[in-house]
Amino acid sequence: MNDLTAQLANIRIVMIGTTLPANIGSAARAMHTMGLTDLVVINPRLPIDDSSIANAAGGKTVLDNAIISDDLHHSLADCTLILAASARTRQMPKPIMTPQLASQLIARHQQAHGKHGKIAILFGREDRGLTNEELALADYHIQIPANPDYPVLNVANAIQVIAASIYATLTHHDDYTPLAKEMQGVTAQQYPLDIHIRGVWDEPAITHAQRHSLDDAIIDLMKQLNLAQDDNLRLLPQRLSRLSQRLQLDQKEYALLRSLLAKIKQNLKT
């Protein structure tokens, strides 16, 4: 397996709640044309059928190897970077990237983490996209520049656009666009945050499962200290998740924080 094949194999496309089986096949074809092979389908409304196979065309191998699951968290557990494609930002804003900037982030992440840098890109339902809870799982959101009067792409077309950008970036490593220039024209939030990409690591990044467990441990401690009650936990998990995503913790930093939390809880019992 050459370097490019290995990099592409480390990128997981996750389709959530897909309505039309034909779109799963079209997505498989779009992935195959750009060298992507890892497809996970979460809770499709209808199973893969003949229309999926017909639309997959040369990408039938991707379709044949697709994993059908009802557990999104399990499908993301080994991922160290999660992105979500969304035509609009909802409720809890995350940093927004164009496909080109997202592709640069993916390339740099893989350079830093190698085979340990599993990456997932989430795509939502045809009629309503991703839920707020699903969007909150992502470190960054990807928005495809489009007609502002109708910026919604078919899910397979969105996969094709983003996959094409990733392939172009991974095959032209010297063509990275400066990040500040790349962000021009991207929809700004009320209080814009600079996007920082941690490019040099001495330890692997934490996984989605580790980040989720860290957030849960912090909430449990806050409850124990009476710093958080059940009636004000509606947005706290999302805010903690956004904080930990922005920190881009590595394995040693994660171990340090877990040890600190465990020590505090232990002392509270004495």
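Shown above is the structure to which this text applies.
Residues numbered from 1 in each chain as written. Predicted model: local features only at pLDDT ≥ 70, side-chain atom pairs only at ≥ 80, totals over all residues. Heavy atoms only, no water.

Before going further, it helps to examine the overall build of the protein chain. In terms of helices and strands, the protein chain carries twelve helices and seven strands. Per-residue burial over the protein chain gives 46% buried out of 270 residues. For the protein chain, restricting intrachain contacts to residue pairs at least 6 apart in sequence, the fraction spanning at least 24 positions comes to 85%. Approximately 13,900 Å² of the protein chain is accessible, and the part contributed by carbon and sulfur atoms is 53%. (Helix = DSSP H or I, 4+ residues; strand = E, 2+ residues; numbered from the N terminus. Buried < 20%, exposed > 50% of the residue type's maximum accessible area, 1.4 Å probe, protein only. Contact = heavy atoms within 4.5 Å. Areas by Shrake-Rupley, 256 points an atom, 1.4 Å probe, with all protein chains shown as cover.)

When you line up the elements, I162 lands in helix α8 (residues 155–170). Considered as a pair, I162 and Q100 are 62 residues apart in the sequence and their alpha carbons are 8.0 Å apart. Apart from the residues lying within four places of it in its own chain, the contact partners of I162 are A85, P99, S103, I121, F123, I142 and I144.

The next point concerns the sheet that holds strand β1 (residues 11–16). The parallel open sheet is built from seven strands, whose spatial order is β3-β2-β1-β6-β4-β7-β5. The open sheet has two free edges, formed respectively by β3 (67–69) and β5 (96–97), since each of these has just one partner strand. Helix-sheet contacts for helix α6 (residues 99–113) involve β1, β4 (81–85), β5, β6 (119–123) and β7 (140–142), and the interaxial angle to β4 is about 165 degrees. Lying on the sheet, α8 is in contact with β1, β4, β6 and β7; it crosses β6 at an angle near 155 degrees. (Pairing = 2+ DSSP bridges. Axes fitted to C-alpha atoms, helices over the stretch in contact; angles between N-to-C directions.)

Here we take up a nonpolar patch on the surface. Taken together, the side chains of L225, L227, L257, L260, I264 and L268 make up a nonpolar region of the molecular surface, amounting to roughly 490 Å² of accessible area. Locating L268 in the fold gives a position in helix α12 (residues 251–269). Note on L268: relative accessible area 38%, which makes it partly exposed. (Patch = residues over 30% accessible without salt bridge, like charges linked within 9 Å, V, L, I, M, F, W, Y side chains within 5 Å. Salt bridge = Lys/Arg side-chain N within 4 Å of Asp/Glu carboxyl O.)

This paragraph deals with the side chain of D250. Structurally, D250 is set in the loop between α11 (236–247) and α12. Separated by 3.1 Å, the side chain of D250 and the backbone nitrogen of K252 make a polar contact. (Polar contact = N/O pair within 3.5 Å; in protein donor to acceptor, adjacent residues only side chain to side chain.)

Okay, the environment of K60 next. Summarising the element assignment, K60 is placed in helix α4 (residues 60–64). A residue is classified by how much of its surface remains accessible, and K60, at 34% relative accessible area, is partly exposed. For the pair K60 and H32, spaced 28 residues apart in the sequence, the C-alpha separation amounts to 8.5 Å.

On inspection of all chains with the given rule, the structure shows seven salt bridges. Among the salt bridges present, the one from K60 reaches D64, with a minimum N-O distance of 3.0 Å. With K60 and D64 both in helix α4, this residue pair falls four residues apart, about one helical turn. Taking relative accessible area as the criterion, D64 reaches 48% and is therefore assigned partly exposed. Within this structure, R12, D38, D78 and K118 form a network of salt bridges that share partners.

What follows is about α8. With 16 residues, α8 extends 22 Å from end C-alpha to end C-alpha; this agrees with the ideal 22 Å at 1.5 Å per step. Where α8 is concerned, the buried positions are V155, A156, A158, I159, I162, A163, S165, I166, T169 and L170. At the N-terminal end of α8, a side-chain oxygen is found 2.8 Å from the backbone nitrogen of A156, two or three residues along, and the residue is N154. (Expected span 1.5 Å × (residues − 1).)

Summarising burial for β4: five of the five residues are buried, a large majority. Going residue by residue along β4, you find L81, L83 and A85 tucked away on one face and I82 and A84 tucked away on the opposite face as well. Direction of pairing for β4 relative to β6: parallel, over a ladder of four bridges. Looking at the pairing, I82 lines up with A120 of β6. The pairing of β4 with β7 spans three bridges and is classified as parallel. Considered in β7, the bridge of L83 is made with Y140.

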